[in-house]
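The lines below spell out each chain.
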Amino acid sequence: MSTSAESIEREEKLQGVGCSRKRKEDPRFIQGKGNYVDDIKMPGMLCAEIVRSPYAHARIISIDKTEALALPGVHAVLTADDLKPLDLHWMPTLAGDVQAVLADEKVVFQMQEVAVVIANDRYIAADAVQLVKVEYEPLPALVDPHKSMDSDAPVIREDLIGKMDGAHSKRLHDNHIFTWDVGDKESTDQAFEDAEVTVKENMFYHRVHPCPLETCGCLASFDKIEGKLTAYVTSQAPHVVRTVVSMLSGIPESKVRIISPDIGGGFGNKVPIYPGYVTAMVASIVLGRPVKWVESRIENLTTTGFARDWHMEGELAADNEGRIKALRVNVLADHGAFDACADPSKFPAGMFHICTGSYDIPNAYARVDGVYTNKAPGGVAYRCSFRVTEAVYVVERMVDVLAQKLGMDKAEIRLKNFVKPEQFPYPTALGANLDSGDYHTALNKVLDAVDYKELRKEQEEKRANGELMGIGIVTFTEIVGAGPSKSCDILGVGMFDSAEIRVHPTGSALARMGTITQGQAHQTTYAQIIATELGIPSEEIQIEEGDTDTAPYGLGTYGSRTTPVGAAATAVAARKIKAKAAKIAAHLLEVSDDDLEWDVDRFKVKGVPGQEKTMKDIAWAAYNNLPEGMEPGLEAVDYYDPPEYTYPFGAYLCVVDIDKYTGVTKVRRFYALDDCGTRINPMVIEGQIHGGLTEGYAVAMGQELSFDPEGNIEGNSLMDYFLPTAVETPHWETDYTVTPSPHHPLGAKGVAESPHVGSIPTFTAAVVDAFAHLDVTHMNMPHSAYRVWQKCHELGLDKAK
Amino acid sequence: MKVDLDKVFEIDGSEKNTWTFLQDIPGVASCMPGAEITEQVDANNYKGKVRAKVGPATMSFEGDIEIQEINEENKSLHFIGKGQDTKGTSAAEMDLTASVRKGESGATELVGVATVTVTGKVANFGGRMMTQVADQILNQFGKNFANNVVAMGEGESAEEAAKVVAEQPKELNGLAFAWSIFVGYLKSLFGK
Amino acid sequence: MKKTAVSFTLNNEQVDVLVEPRELLIHTLREKLSLTGSHIGCETSHCGACTVDMDGISVKSCTILAVQANGSELMTVEGLASDDGLHAVQEGFMQEHGLQCGFCTPGMLMRSYRFLQENPNPTEEEIRVGLSGNLCRCTGYQNIVKSVQYAAEKLQAKEEG
């Protein structure tokens, strides 16, 4: 390949891979021309509002709609009884369970959907909701998952009584959902018996909510003449929604069109299918008019897609030098009243088997038991690949606990146990196959950057003065890019993704993908990949996603799968076009393919200056001057089924200062080094990392959905639920190394979720480290000032001298 | 959420009058700020409503009161009140046993032991203030109750009390009430 | 419900509209006047996605009744750019990657627009405090701060130039 100044200049003009290209999405957003679900209006559109239960567990005695129906402007009030004849009162969840669309005879979580009111506008609908009279008979609420399997526990799911063959395993109790385990239990138990040192810690990864700034919504419009249902949905997976809607309604999939327009953030919240979407669609079918449902913030936080809520017991076995011999983890997973976790079908605990982390651990065993409680369903991957945050949290916490027990430095113990560069690809004890990594380089780079030794020295001095300073270190490995269809599917559809590229006669291109952006700048970055592959300037490549009538089928954007799967499909599709282009070029230049070499945006005849055809020339020829027998046109589709997952990693370090009198924890410094393989757009990557770190900060330091013993959710509005402002948010320092994935066409691994996954245990580690000299080994999140103060108080640190 | 309340009010009146008034369900209900009995269904069942306004939120509960037991011997009354707010977003239940006794100082005492359970919006938003709110409601109730009993007596203080009773606030309202809750809340923070 | 006639200046144009007395300004703007740039992200005045400019101050239009806007001068994100092109804050957000999903952006821009008139030469700390009534879930604010700094410099240069 030529590297002349001229060709470098041409390459720069393309704005391809590696360029911090400005975003294509921005011009419309900064001028108020975004097009989100609630922005869309249709002639004759009606508004839906949902009647919800004040009880966490109650039998519905009666529903009286008379008064609501009498209100002028109200068109319908639908209950489960109305949906029954259509068999739409229950729907399948992504986790192999079913969920009530509208409560069928009883309610099983607070604010569950009981009825839906359809009216002319949102004000009338809200009035009518108050006029629907529902009589309940309260039942005892089951809130503590540790009591779910008690013999006298109230049975939450009466529809499942006697059905002991669960979707994933035998059920051991009416409130039990599944047992999932992985690893060699026997060898692990043995390693613990033989170990010189063992540590054990119980930790609660609390219930949180992704809380994107735009809530969930749907505008459904059923065309009675064509028999076609069109729905604008806030969905991270529009094609999956189409398949489910078709299966549920019996409308042929060709007559269901799902459009994900601009989406105001997803973070996992917009993966599942919610009763609100279904009721809007049903109402539109029944009434023959467009119906819009958009949830309020309170509804969003209370009823749609929570994350985490895992009670974890972690254990490590090691020798006296700190070499880890075995990991054992037991988890009690609170899934709420319906198992609506968004995981690949065969993975009820997601990708939790990554819990051996970045370490060379010979023996491991993990077991997860899912149970029902009277809480909202969910279990989505909040800015992470499925259950990866939980996995990283447990192993990173345990490594710290072990270091404290052995009196070892927390960086040193990691360097000692890392999988070494020459061990890749590295098969873990729990069945992951780490593709590539260089963990030592990453951590050492961070330690040097912050002058780690000096920090520890300062900490010693502070401790001597009775001050609290903590240093948290986390070296995480993620598993993303679900996934290989031999093991990964959602409702039976393999988790491939797709790209379709068309090069027009004059050389510009249109590409459509099965993924959907929610702020990740797909319109910008996909074009960069195609630009580099085909030599067409990014500016001349139009990217479209989200409309199931036009885009190829794909599983959507979540779990950091867009770069590992969607971008791979894009590169492969582009390479198919390039292969055809080479043949056309050879034909035009009257040489054989072998005589050609690619140079940025053109094929050249090797050794013959001036003999060349640009991609523009080739595009034109593709429509009028082809080799004999070749099909006209220049386009390709690729459905990319990844051979493996990708494993991004990173090393994070956080320094906190804690006021022992108030518990206020100040993040003095946060240094984040990420390795996501090949970097497609460094500016976008940096932005994603800032965002992920900030969401991690929110989870670790304040976000929590808690419940009282009666099942009342405590704090389900932004009055209580912690979304950090610019004032609380720390300043982030970022860094990177590049270790390409060996199996990805571009070497890229995915990035947006690493900072969330990696930062959360870093904050906990830093807070706990501040108390480590006082024999504190773990503190549960969120590390709000009050809770940190409680620890200071318990230790008597808040007493004035 | 559940709040357990345990209250003793000193009543400036006889045990007999206190017990007599305690059995007057509509009368007792009207001592509860914002509460009233709207219908007597039978000897032991009443319908009533409670209106509470704290800050910007107004909640109007409608529900049933069922007398579980009237024990002449112990001078005690046990009832359960259950209601839902008219907007369907909240529900409340109160299980109350009230009794009359002679206190250690010799004065008549009204003893109330109650469990209040609230669900829905009122718990979501007001959960943390619930103990203080309930406490303030009961304090007002105690005052009103005492005045009613005093008014059953004779003399100047009875006339005075009767006047106060007539002016009894009809709903839980206003800044003064919010303020007293706030003060109670602060006390609870620093009292421990 | 009986409607009331309300008049105001919106993005330099006179507007007359019939509203319910209880109608929130954000609903009038979005649903009656089809200016969907301002968004609704909560119902408790916390997120600031609905921030508009009213008589020279930033207001959260989810907390203002449409009738309260009678006679006032309103500006929304749709009125930010002029015939001369984008406003400096719009340019700043684009140059410094100050947005991702775009949902908070109109509110952020309107707050920045007003904030830079209140404080034309702010420190980073002042920007963070000045924008603390607006929530963003995507950016972590660091690039938003840079965007506002970019706009401040640009506006200063314009003033001096």
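This one's a predicted model, so the numbers in the text were calculated from it and none came from an experiment. (Residues numbered from 1 in each chain as written. Chains lettered and ligands numbered in written order. Predicted model: local features only at pLDDT ≥ 70, side-chain atom pairs only at ≥ 80, totals over all residues. Heavy atoms only, no water.)

## A few points about unusual backbone geometry
As a reminder, the rule being used: In this description a helix means any DSSP run of H or I spanning at least four residues, a strand means any run of E spanning at least two, and both kinds are numbered starting from the N terminus.
Cis peptide bonds are those with omega within 30 degrees of zero, and the linkage from A:F424 to A:P425 qualifies with -5°. By the secondary structure assignment, A:P425 is in the loop between α11 (410-417) and β19 (426-427). With an omega dihedral of -25°, the bond running from A:A482 to A:G483 counts as a cis peptide bond. On the secondary structure map, A:G483 appears in the loop between β21 (468-477) and β22 (489-490). A positive phi is found at A:Q15, a non-glycine position, where the angle reads about 55°. Locating A:Q15 in the fold gives a position in the loop between α1 (5-14) and α2 (26-30). For C:D55, which is not a glycine, the phi torsion comes out positive at approximately 45°. For C:D55, the location among the structural elements is in the loop between β3 (51-54) and β4 (57-60).

## Considerations on the environment of A:A191
Residue and element names in this part refer to chain A. To keep things clear, this is the line we draw: By definition, residues are in contact when any of their heavy atoms lie within 4.5 Å.
Locating A191 in the fold gives a position in helix α6 (residues 185-194). In sequence terms A191 and L316 are 125 residues apart; their C-alpha atoms lie 9.7 Å from each other. Those residues in contact with A191, other than ones at most four positions away along the chain, are A317, K325, A326 and N363.

## Focus: the interface of chain B and chain A
Operational definition: Note: buried area is the sum, over both parts, of the accessible area (probe 1.4 Å) each one loses when the two are combined. What counts as a salt bridge is simple: a side-chain nitrogen of Lys or Arg found within 4 Å of a carboxyl oxygen of Asp or Glu. N or O atoms closer than or at 3.5 Å make up a polar contact, with two conditions inside protein: a donor-capable atom paired with an acceptor-capable one, and, for residues adjacent in sequence, both atoms drawn from side chains. Throughout this entry, Asp, Glu, Lys and Arg are counted as charged residues, while Ala, Val, Leu, Ile, Met, Phe, Trp, Tyr, Cys and Pro are counted as nonpolar. The remaining residues, Gly among them, count as polar.
Residue-level contacts link 17 residues of chain B with 19 residues of chain A. A buried area of about 1,300 Å², summed over both sides, lies between chain B and chain A, and 46% of it is on carbon and sulfur atoms. Between chain B and chain A we count one salt bridge in total. The residue A:E710 makes a salt bridge to B:K2 at a minimum N-O spacing of 3.6 Å. Connecting chain B to chain A are ten residue pairs in polar contact (both at pLDDT 80 or more). Those elements giving two or more residues to the side of chain B that touches chain A turn out to be β6 (90-102), β7 (108-120) and α3 (121-126) of chain B. Among the elements that line the side of chain B that touches chain A, the one with the most residues is β7(B), at four residues. The residue inventory of the side of chain B that touches chain A, partitioned by class, reads five nonpolar, nine polar and three charged.

## A short note on the UniProt feature "domain: Aldehyde oxidase/xanthine dehydrogenase a/b hammerhead" (unreviewed entry) in chain A
Test applied: UniProt positions are given in the numbering used here, feature names are shortened, and annotations may be inferred rather than shown by experiment.
UniProt's feature table lists "domain: Aldehyde oxidase/xanthine dehydrogenase a/b hammerhead" (unreviewed entry) at residues 31-140 of chain A, given in the numbering used throughout. Here residues 31-140 of chain A runs as 17% helix and 37% strand, with 52 Å between its end C-alpha atoms.

## Brief notes about the packing of aromatic side chains
Ring pairs (aromatic) are described by centroid distance and by the angle formed between their planes. Let me state the cut-off plainly: Pairing of aromatic rings covers Phe, Tyr and Trp, the last counted by its six-membered ring, and requires centre-to-centre distances within 6.5 Å; plane angles under 30 degrees mean stacked, over 60 mean edge-to-face, and any other angle means tilted. A ring has a charge above it when a Lys NZ or an Arg CZ is no more than 6 Å from the ring centre and no more than 35 degrees off the ring normal.
On inspection of all chains with the given rule, the structure shows 27 aromatic pairs over all chains. Aromatic side chains B:F141 and B:F145 sit 5.8 Å apart centroid to centroid with 45° between the ring planes, which places their arrangement in the tilted category. Placement of both B:F141 and B:F145 in helix α4 (residues 130-152) is noted, with a separation of four residues, approximately one turn of the helix. An aromatic cluster is present here, built from A:F476, A:Y652, A:F670, A:Y697, A:F722, A:W732 and A:F763 joined pairwise through their rings. Looking at A:R207, its charged tip hangs above the ring of A:F306, at a distance of 3.4 Å from the centre.

## Description of the interface of chain A and chain C
Facing 57 residues of chain A, the contacting portion of chain C comprises 48 residues. For the pair chain A and chain C, the summed buried surface comes to about 4,400 Å²; carbon and sulfur atoms form 55% of the total. Its largest share of buried area at the contact with chain C, chain A owes to A:I30, A:Y123 and A:L213, together 19% of the area lost on that side. In this structure, the connection of chain A to chain C is made through five salt bridges. One salt bridge in this structure joins A:R122 and C:E31, with 2.5 Å as the shortest N-O distance. Joining chain A to chain C, the criterion identifies 26 residue pairs in polar contact (both at pLDDT 80 or more). Of the residues forming the side of chain A that touches chain C, the biggest block, nine residues, is contributed by helix α17 (residues 682-701) of chain A. Residue composition of the side of chain A that touches chain C, by class: 25 nonpolar, 18 polar and 14 charged.

## Things to note about the pattern of salt bridges
Filter applied, for reference: Exposed residues in this analysis have more than 50% of their type's maximum accessible area, buried residues have under 20%, and partly exposed residues fall in between, with area computed by a 1.4 Å probe over protein chains only.
Taken as a whole and judged by the stated rule, the model has 79 salt bridges over all chains. Note that A:D38 is salt-bridged to A:K292, the shortest N-O span being 3.1 Å. On the criterion of sequence distance, the pair formed by A:D38 in the loop between α2 and β1 (46-52) and A:K292 in strand β14 (residues 291-294) is long-range, its members being 254 residues apart. Per residue, the accessibility class of A:D38 equals that of A:K292, and both read buried. Of the charged contacts, one joins C:R22 and C:E20 as a salt bridge, the two residues approaching to 2.7 Å between their closest N and O atoms. Since its relative accessible area comes to 7%, C:E20 is described here as buried. Put simply, A:E6, A:R10, A:D599, A:D601, A:R602, A:K604 and A:E612 are held in one network by salt bridges that share partners.

## Overview of the sheet that holds strand β8 (residues 133-138) of chain A
All names here are of chain A. So the rule is basically this: At least two bridges found by DSSP between two strands are what make those strands a pair.
Strand order in this open sheet of three strands is β6-β2-β8, and the pairing throughout is antiparallel. The open sheet has two edge strands with one neighbour each: β6 (106-107) and β8. Bridge analysis of strand β2 (residues 58-64) against β6 gives two bridges, and the strand direction is antiparallel. Paired with R59 across the strands is K106, a residue of β6.

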